[in-house]
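What follows is each chain in one-letter form.
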Amino acid sequence: FIQALPEEDAEMLTSIELHGQSQKAYAEAMGINYSTLKSRLKKSREKVNSLFHACCELSLDKNGSVIDYEARQKGDVRCQ
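The structure presented is a predicted model; accordingly, all values stated were derived computationally and were not measured.

Some words on the nonpolar core
Counting 10 residues, the largest nonpolar core consists of Leu5, Ala10, Met12, Leu13, Ile16, Tyr26, Ala27, Leu37, Leu41 and Val48. Those elements giving two or more residues to this core turn out to be α1 (7–18), α2 (23–30) and α3 (34–55). Broken down by element, the residue count for this core peaks at 4 residues, all from α1.

Brief notes about the pairing of strand β1 (residues 56–60)
Relative to strand β2 (residues 66–71), β1 runs antiparallel, the two sharing 5 bridges. Looking across to β2, one finds that Leu58 is bridged to Tyr69.

Details of the side chain of Ser15
Within the fold, Ser15 resides in helix α1. Ser15 sits in the buried class, given a relative accessible area of 14%. Residue contacts for Ser15: discarding those within four places in its chain leaves Gly20, Gln21 and Tyr26.

Structural notes on the packing of α1 against α2
The interhelical angle for the contact between α1 and α2, taken along N-to-C directions, is 140 degrees, at an axis separation of 10 Å. Comparing the axis directions of α1 and α2 gives the class oblique. Two packed elements cross with a definite hand, and for α1 against α2 that hand is right-handed. Note on element contacts: α2 touches α1 through Gln23, Tyr26 and Met30, opposite Glu11, Met12, Ser15 and Ile16. Tallied by class, residues from the contact of α1 with α2 come to 4 nonpolar, 2 polar and 1 charged.

Digging into the side chain of Asp9
The residue Asp9 is located in helix α1 in this model. What Asp9 contacts, discounting residues up to four positions off in sequence, is Ser44 and Lys47.

Brief notes about the pattern of salt bridges
One side chain can pair with another of opposite charge once the charged atoms of both are near each other. The full count for this structure, using the stated rule, is 3 salt bridges. Between Arg40 and Glu8 there is a salt bridge, with its nearest N and O atoms 3.9 Å apart. With Arg40 in helix α3 and Glu8 in helix α1, the pair connects residues that are 32 residues apart, well separated along the chain. A residue is classified by how much of its surface remains accessible, and Arg40, at 35% relative accessible area, is partly exposed.

A look at the layout of surface pockets
The space that makes up the largest pocket amounts to roughly 150 Å³. Elements represented by at least two residues in the lining of the largest pocket include exactly α3 and β1. No other element matches α3, which puts 5 residues into the lining of the largest pocket.

Quick notes on the rules
- The residue numbers shown here count from 1 along each chain, following its written sequence.
- Local features in this predicted model are restricted to residues whose pLDDT is 70 or higher, and side-chain atom pairs enter the listing and the counts only when it is 80 or higher, whereas totals over whole chains, interfaces and linings include all residues.
- The basis for every side-chain value is the complete set of non-hydrogen atoms in the structure, without hydrogens or water.
- Definition of nonpolar core: a set of buried residues of the types Ala, Val, Leu, Ile, Met, Phe, Trp, Tyr and Cys, connected through side-chain atoms within 4.5 Å.
- Using a 1.4 Å probe on the protein chains alone, a residue whose accessible area is under 20% of its type maximum counts as buried, one over 50% counts as exposed, and one in between counts as partly exposed.
- In DSSP terms, a helix is any run of H or I states spanning at least four residues, a strand is any run of E spanning at least two, and both are numbered starting from the N terminus.
- Two strands pair if DSSP finds at least two bridges between them.
- Here, two residues are considered to be in contact whenever any of their heavy atoms come within 4.5 Å of each other.
- Axis lines are fitted to C-alpha atoms, over the contacting stretch for helices. Their N-to-C directions set the angle, which ranges from 0 to 180 degrees.
- Throughout this description, any angle smaller than 35 degrees is read as roughly parallel, any larger than 145 degrees as roughly antiparallel, any in the 65 to 115 degree range as roughly perpendicular, and the remainder as oblique.
- Left-handed describes a crossing whose near helix is turned anticlockwise from the far helix through less than a right angle; right-handed describes the clockwise counterpart.
- Residues are grouped as follows: nonpolar covers Ala, Val, Leu, Ile, Met, Phe, Trp, Tyr, Cys and Pro; charged covers Asp, Glu, Lys and Arg; every other residue, Gly included, is treated as polar.
- Salt bridges are defined by distance alone: a side-chain nitrogen of Lys or Arg within 4 Å of a carboxyl oxygen of Asp or Glu.
- Any residue with an atom within 4 Å of a point lines the site, the site being either a cavity, points on a 1 Å grid over the protein atoms alone where a 1.4 Å probe fits but cannot get out, or a pocket, an open set with protein on both sides within 12 Å along at least 5 of 7 lines.
- Grid points are joined across faces, edges and corners, and a volume is the space filled by probe spheres set on the points.

See below:
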């Protein structure tokens, strides 16, 4: 789902969420204000969340972790 985002959003989420780079370090490296980065990160997370929900019906546990899913539309390109 991250790869379906615009390149800038995908790179930011990959660096921070998957590779563990700190938000402050990423903001510094990219030459952007930390609060601007936090706003962009929130929007990118919301985009990924929308892609998940467009594709799948998620079942969450009491902590909000995904425990199961069911594809909404079989064969939908967004879900492959």
